[in-house]
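Read off the chains here:
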Amino acid sequence: MNALPFFQNIKNALTAGGTGGLTWHLHASLSQKKWQFTRDEIHKELMKGLKITAPQKIQLSKPEQSQVETIKSKELVLIGASAGWMMSTPWLEEFSLINAYDIDPLSSVLFHINHGKALKRKGIKVKFHTLDAIHHLDQVLSSHPNAYIWFDNVLGQHRIRLRNADLANAQLKIIQLRLKGRVWGSVHDLYSGPSTLKEHLGVQEYPKSVSVVRLDNNTENQARVLYNSQEMGLEKGRQTFLKELGASRANGAWLDHETSNLFPVKTQLTWTGWAFKPGYYHCLEMGWVTPTLK
Ligand SMILES: C[S@@+](CC[C@H](N)C(=O)[O-])C[C@H]1O[C@@H](n2cnc3c(N)ncnc32)[C@H](O)[C@@H]1O
């Protein structure tokens, strides 16, 4: 008998390589109120995705009717679902079938506790898969050819799990190529680090979210962005928002999660704050990619 998968499952249930597991579930369950702002911002972004229709080529029966029609997919693939601590139930209710992927074997039970009742009431089927869905992305995509794909705060964890920033950066850069032709979106960490923002009467301080569109694929020092519709260098936009999030030189450097090239240029993005723990914030990036029909 090969005991490796068993021990791997135990490890993933405990920490999921520093990206989840029991420690995440405990922390997330106790932080719901402090994270409400971020959860609301994620909800708004998720709802934007529903306006995108998944284009698929459909051959109609009569040749003269043979044309490209667009239909709306009602199937969702959720990667890094965990227990859906930051996930919006009303958004999940928009789908008829949800295939959720996570390496953490505890996720399934906890996801059902958090969202199962509402989804069951609406007759929405949820299938859970304990799998490394980034390593097996091609298999996941081909198993659900018509589904929306949502990376649920998992891609920014890739460098933490791999413990290798260069390798994570290289793998993440090609994710958009592997997803070509699909409706997909992601919320992920861009940066994280020590913050001077405070809590007042149990309510965490948050700056307003900003809209960002990257204008080219140049390196970070040279790339241009529209930051709240104003053109500037990516580096300046980054420094402006991290300052709003309470970053300061005196407090120490922020971690780069190697995700700044994930989305294709011109994607409409939102940057928002996440008060992960006292004195430590994350800058989250989120957005949707609309496929083009060829
Ligand atoms: C920050 S948590 C996600 C939080 C989740 N979206 C929520 O709202 O509760 C990251 C999750 O990604 C999972 N994960 C990390 N790498 C993964 C991979 N390669 N494939 C599938 N799941 C992964 C972890 O087990 C963890 O549950």
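Use the structure listed above.
Notes on the structure in this doc start here. Since this is a predicted model, take the numbers as computed values, not measurements.

**A closer look at empty space enclosed by the protein**
Evaluation of the coordinates by the stated rule reveals one cavity of 30 Å³ or more. Its boundaries defined by the atoms lining it, the largest cavity holds a volume of some 110 Å³. Contributing to the lining of the largest cavity are 13 residues, with Arg 214, Leu 234, Ser 260, Leu 269 and Glu 285 lying nearest its centre. Looking at the lining of the largest cavity, the elements with two or more residues in it are β5 (184-194), β8 (210-214) and β12 (268-277). Among the residues making up the lining of the largest cavity, the classes are represented as 10 nonpolar, one polar and two charged.

**Digging into the nonpolar core**
Soluble globular proteins: nonpolar side chains tend toward being buried together. Within the largest apolar cluster, 72 residues are counted, with the highest numbers of intra-cluster contacts made by Leu 78, Trp 91 and Trp 150. With six residues, strand β13 (residues 280-289) is the largest single contributor of residues to this core. Once residues within four sequence positions are removed from consideration, Trp 91 is found in contact with Leu 46, Met 47, Leu 50, Leu 76, Leu 78, Trp 150 and Trp 288.

**A look at the site of the ligand**
Trp 85, Met 86, Asp 102, Asp 132 and Asp 152 are the nearest of the 21 residues found near the ligand. One nitrogen or oxygen atom from the side chain of Trp 24 is found 3.5 Å from an oxygen atom belonging to the ligand. In this structure, Ile 103 approaches the ligand through a main-chain N or O atom, which is 3.4 Å from a nitrogen atom. For the ligand, the protein covers 98% of the area, taking 600 Å² as the surface of the free molecule.

**Details of helix α5 (residues 107-121)**
The end-to-end C-alpha distance of α5, which contains 15 residues, comes to 20 Å, matching closely the 21 Å that a straight helix rising 1.5 Å per residue would cover. Maximum bend of α5: about 65°, positioned at His 115. Buried within α5 are the following residues: Ser 107, Phe 111, His 115, Gly 116, Ala 118 and Leu 119. The secondary structure elements touched by the buried residues of α5 are α2 (21-30), β1 (75-79), α4 (89-92), β2 (97-102) and β3 (125-130). Residue Gly 123 follows α5 closely and has a positive phi angle near 75°.

**Some remarks on the environment of Lys 48**
In this fold, Lys 48 is placed in helix α3 (residues 36-49). Separated by 240 residues in sequence, Lys 48 and Trp 288 have C-alpha atoms that sit 8.0 Å apart. Not counting residues up to four positions away in its chain, the partners in contact with Lys 48 are Thr 270 and Trp 288.

**What to know about unusual backbone geometry**
A positive phi angle, near 50°, is found at Asn 228, a position not held by glycine. Relative to the assigned elements, Asn 228 resides in the loop between β9 (224-227) and β10 (230-233). On the accessibility criterion, Asn 228 (42% relative accessible area) is partly exposed. One non-glycine residue with positive phi stands out, namely Ser 229, at about 70°. Relative to the helices and strands, Ser 229 resides in the loop between β9 and β10. With relative accessibility at 65%, the residue Ser 229 sits in the exposed group.

**Comments concerning the pattern of salt bridges**
Under the counting rule described, the total for this entry stands at nine salt bridges. One salt bridge connects Lys 48 with Glu 45, and the closest N-O pair in it is separated by 3.2 Å. Residue Lys 48 and its partner Glu 45 are both found in helix α3; the two are separated by three residues, about one turn of the helix. Given a relative accessible area of 42%, Lys 48 falls into the partly exposed group. In this structure, Asp 138 engages Arg 178 in a salt bridge whose closest nitrogen and oxygen atoms are separated by 3.4 Å. You can see Asp 138 sitting in helix α6 (residues 137-143) and its partner Arg 178 sitting in helix α9 (residues 175-178), a full 40 residues away along the chain.

**A short note on the packing of aromatic side chains**
As enumerated under the stated definition, the model contains 18 aromatic pairs in all. Each ring, one from Trp 150 and one from Trp 288, has its centre 4.9 Å from the other, and the planes form 35°; the classification is tilted. Of this pair, Trp 150 sits in strand β4 (residues 148-152) while Trp 288 is found in strand β13, placing the two residues 138 residues apart along the sequence. Judged by relative accessible area, which is 8%, Trp 288 ranks as buried. Here a set of aromatic residues connected by ring pairs shows up, and it is made of Trp 91, Phe 95, Tyr 148, Trp 150 and Trp 288. Directly above the ring of Phe 95 sits Lys 74, whose terminal nitrogen or CZ lies 6.0 Å from the centroid. The lysine or arginine in question, Arg 238, covers the ring of Tyr 191, its NZ or CZ lying 4.8 Å from the ring centre.

Calculation notes
- Residues numbered from 1 in each chain as written.
- Predicted model: local features only at pLDDT ≥ 70, side-chain atom pairs only at ≥ 80, totals over all residues.
- Heavy atoms only, no water.
- 1 Å grid on protein atoms, 1.4 Å probe; cavity = no way out; pocket = protein on both sides within 12 Å on 5 of 7 lines; lining within 4 Å.
- Points joined across faces, edges and corners; volume = space filled by probe spheres on them.
- Helix = DSSP H or I, 4+ residues; strand = E, 2+ residues; numbered from the N terminus.
- Nonpolar A, V, L, I, M, F, W, Y, C, P; charged D, E, K, R; others polar.
- Core = buried A, V, L, I, M, F, W, Y, C linked by side-chain atoms within 4.5 Å.
- Buried < 20%, exposed > 50% of the residue type's maximum accessible area, 1.4 Å probe, protein only.
- Contact = heavy atoms within 4.5 Å.
- Near = heavy atom within 4 Å.
- Polar contact = N/O pair within 3.5 Å; in protein donor to acceptor, adjacent residues only side chain to side chain.
- Areas by Shrake-Rupley, 256 points an atom, 1.4 Å probe, with all protein chains shown as cover.
- Expected span 1.5 Å × (residues − 1).
- Bend = angle between axes of the 7 residues up to and from the residue.
- Salt bridge = Lys/Arg side-chain N within 4 Å of Asp/Glu carboxyl O.
- Phe/Tyr/Trp six-rings, centres within 6.5 Å; stacked < 30°, edge-to-face > 60°.
- Lys NZ or Arg CZ within 6 Å of the ring centre and 35° of its normal.

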